[in-house]
Amino acid sequence: MYKFNTVAMIGLGYIGLPTATVLASRGIKVIGVDVNQHAVDTINRGQVHIVEPDLDGLVHHVVKEGNLVARTSPQEADAFIIAVPTPFKDGHKPDLSYIEAAARAIAPVLREGNLIILESTSPVGATEQLAGWLAEYRTDLSFPQQAGDAADIQLAYCPERVLPGHVLRELVENDRIVGGMTTKAAEMAADLYQIFVRGECLLTDSRTAEMAKLTENSFRDVNIAFANELSLISDKLGINVWELIELANRHPRVNILKPGPGVGGHCIAVDPWFIVDSAPQEARIIRTAREVNDNKPHHVVEQVARAADRFKNPVIACLGLSFKADIDDLRESPAMDIVLELAERQLGRVLAVEPHISKLPAKLEGKVDLVAADEAIDEADIVILLVDHKQFKRVRREKLQTRVVIDTRGFFWSR
């Protein structure tokens, strides 16, 4: 059983901060590291810079107890967990620059016996690439590709698989895939996660673990694409897609997901492209699913454009900007893309409603107005439901009867 007294969490975003906090709540000394000075200062005050249920209270507790401290640069620790962004570049090529930056940052403070875990969703081979960078920076230490189980530094890949809005619970309850570059690395990583994980730790190699994470999100993407394609077909044929899916799902072996305005977030909208990039000739269904889901926001904009033709200077109310319900996360949000395209096409005055943010993101500033739901609906000629936030359930249905309503989530539909 490997012992860990101090853990450094590199990246304090939607995954890093909750993970650091849960570890700290188990009595582990956690050094949180982030390049964002505002995030560091906020955490050290015992507050949070992201929205996640119950996280604020737990952060306040562990900071007050002295088990979590945030910094802008790493210091020595027993283990380092890297949870930084992995976006893609032009042509949907994986961008590993954040991982490389993390490697440069931690390299000076590494010591013999350390464990490094990569949690960032990554293309197959990223953990090996990380080990390669570290070996370049620290030629005085040995790494798994050089010495296997006998290496001074061990590396593993352990992907997060949590649902925003339920992160604290799922961090503890969900099974974890633990992929080591060596058997020793996998065992060390499993011991670390078992400090707080009640689910099973499933040991494998790093490449399989990387592919498993991509597979999980590609499976979701393909199934969402089927639902979104059904919505396109139904629009063309004059069929209510929500009724159609409800009826089809009465079959005992059919479970079609609900369509939406597209697919967002830091995982499902990105990860399948990593598989396509690794095996472009073979990943045909995965590529097509991505193309279907990436095109859905444009279909919604065309629906609004047709509705706008009925009015001289329409007011368009867009309900929701985040990529899913009841969170503030705007990453890869199809709602954001739709609102931006509507504003740029100048189809009318665009009002945005997002109850989880206090100001517009930079790319929407000066192009749309951020207002409350009631104000937006009162002024609107066209109402687009983009995100099914709980707050929108308070919208009075009679208010919508005199507006053109485009409901991309089936939020207002009922049999």
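Refer to the structure printed above.
Worth saying up front: this structure is predicted, and the values here are computed from it rather than measured. (Residues numbered from 1 in each chain as written. Predicted model: local features only at pLDDT ≥ 70, side-chain atom pairs only at ≥ 80, totals over all residues. Heavy atoms only, no water.)

Trainee: Give me the lowdown on the overall build of the protein chain, citing residues and values where you can.
Mentor: When helices and strands are counted, the protein chain shows 15 helices and 15 strands. C-alpha atoms of the protein chain, sized along the principal axes, occupy 70 × 50 × 40 Å. Across the 415 residues in the protein chain, those meeting the buried criterion constitute 55%. In the protein chain, the proportion of contacts linking residues at least 24 apart, taken out of those at least 6 apart, comes to 71%. (Helix = DSSP H or I, 4+ residues; strand = E, 2+ residues; numbered from the N terminus. Buried < 20%, exposed > 50% of the residue type's maximum accessible area, 1.4 Å probe, protein only. Contact = heavy atoms within 4.5 Å.)

Trainee: So what's going on with the sheet that holds strand β8 (residues 154–157)? Which residues, and what values?
Mentor: Taken in spatial order, the eight strands line up as β3-β2-β1-β4-β7-β8-β9-β10 in an open sheet, and their pairing is mixed. Only two strands of the sheet have a single partner each, and these edge strands are β3 (68–71) and β10 (201–205). Adjacent strand axes in the sheet meet at a mean angle of 25° when their direction is disregarded. Pairing of strand β4 (residues 79–82) with strand β7 (residues 115–118), which is carried by four bridges, proceeds in the parallel orientation. The residue of β7 that forms the bridge with Ile82 is Leu118. Sitting on the sheet, helix α9 (residues 206–237) touches β8, β9 (176–180) and β10, and the angle it makes with β10 is about 115°. (Pairing = 2+ DSSP bridges. Axes fitted to C-alpha atoms, helices over the stretch in contact; angles between N-to-C directions.)

Trainee: Just give me the short version of the pairing of strand β11 (residues 315–319), but keep the residues and values in it.
Mentor: Of all the five residues making up β11, five are buried; the element is thus mostly covered by neighbouring parts of the structure. Bridge analysis of β11 against strand β12 (residues 349–353) gives five bridges, and the strand direction is parallel. Within β12, the residue paired with Cys318 across the bridge is Ala352. Note that β11 and strand β14 (residues 382–385) share four bridges and pair parallel. Bridge pairing links Leu319 to Leu385 in β14.

Trainee: Mind laying out the sheet that holds strand β15 (residues 404–407), listing which residues take part and the relevant values?
Mentor: In spatial order, the strands read β13-β12-β11-β14-β15; together these five strands make up an open sheet with parallel pairing. Strands with a single pairing partner mark the edges of an open sheet, and in this sheet they are β13 (369–370) and β15.

Trainee: Explain the nonpolar core residue by residue, including any values.
Mentor: With 44 residues, the main nonpolar core has Leu68, Ile117 and Leu192 as its most contacted residues. It is helix α8 (residues 183–193) that provides the largest number of residues to this core, a total of seven residues. Excluding anything up to four places from it in sequence, Leu68 contacts Leu17, Ala20, Thr21, Ala24, Val30, Gly32, Ile43, Val62 and Val63. (Core = buried A, V, L, I, M, F, W, Y, C linked by side-chain atoms within 4.5 Å.)

Trainee: Talk me through the packing of aromatic side chains; I want residue IDs and the actual numbers.
Mentor: Tallying each qualifying case throughout the model produces two aromatic pairs. Both rings, one in Phe411 and one in Phe412, keep their centres 5.2 Å apart while their planes meet at 75°; by these two values the pair is edge-to-face. (Phe/Tyr/Trp six-rings, centres within 6.5 Å; stacked < 30°, edge-to-face > 60°.)

Trainee: Quick one: what's the story with the side chain of Arg409, residue by residue and with numbers?
Mentor: Relative to the helices and strands, Arg409 is located in the segment after β15. Buried charge without a partner: Arg409 forms no salt bridge, and the closest opposite charge is Asp388, 4.4 Å away. (Lys, Arg positive; Asp, Glu negative; His and termini not counted. Salt bridge = Lys/Arg side-chain N within 4 Å of Asp/Glu carboxyl O.)

Trainee: How would you summarise the side chain of Ser322 if you had to cite specific residues and measurements?
Mentor: Within the fold, Ser322 resides in the loop between β11 and α13 (334–345). Residue classification places Ser322 among the buried positions, given a relative accessible area of 1%. At 3.3 Å, the side chain of Ser322 and the backbone oxygen of Ile327 are in polar contact. Setting aside residues up to four positions removed in sequence, Ser322 forms contacts with Ile327, Asp328, Asp329, Leu330, Ser333, Ala335, Glu354, Val387 and His389. (Polar contact = N/O pair within 3.5 Å; in protein donor to acceptor, adjacent residues only side chain to side chain.)

Trainee: I'd like a rundown of the packing of helix α12 (residues 284–308) against α13, residues and numbers included.
Mentor: Contact geometry of α12 with α13 gives a least axis separation of 9 Å together with a crossing angle of 40°. When the axes of α12 and α13 are compared, the pair comes out oblique. Handedness of the crossing formed by α12 with α13: right-handed. Only Pro334, Ile338, Glu341, Leu342 and Arg345 of α13 make contact with α12, whose side of the interface consists of Pro297, His298, Val300, Val301, Glu302, Val304 and Ala305. Partitioning the contact of α12 with α13 into residue classes produces eight nonpolar, one polar and three charged. (Parallel < 35°, antiparallel > 145°, perpendicular 65-115°, else oblique. Left-handed = near helix turned anticlockwise from the far one by under 90°. Nonpolar A, V, L, I, M, F, W, Y, C, P; charged D, E, K, R; others polar.)

Trainee: Could you give an account of helix α10 (residues 241–248), with specific residues and numbers?
Mentor: Turning to α10, its buried residues number three or more, namely Val241, Trp242 and Ile245. The buried residues of α10 all sit within an arc of 100° when viewed along its axis, so they share a single face. The inward-facing, buried residues of α10 abut α9 and β15. Capping the start of α10, Asn240 holds a side-chain oxygen 2.9 Å from the backbone nitrogen of Trp242, two or three residues further along. (Arc of directions from axis to C-beta.)

Trainee: Please give an account of the pattern of salt bridges that cites residues and values.
Mentor: A side chain of one charge can pair with a side chain of the opposite charge when the charged atoms of the two come close. Evaluation of the coordinates by the stated rule reveals 21 salt bridges. Between Asp294 and Arg290 there is a salt bridge whose closest N-O contact spans 2.6 Å. Here Asp294 and its partner Arg290 are both found in helix α12, four residues apart, which amounts to about one turn of the helix. Owing to a relative accessible area of 33%, Asp294 belongs among the partly exposed residues under this scheme. One salt bridge connects Asp378 with Lys399, and the closest N-O pair in it is separated by 2.8 Å. With Asp378 in helix α14 (residues 373–379) and Lys399 in helix α15 (residues 397–400), this residue pair connects regions lying 21 residues apart in the sequence.

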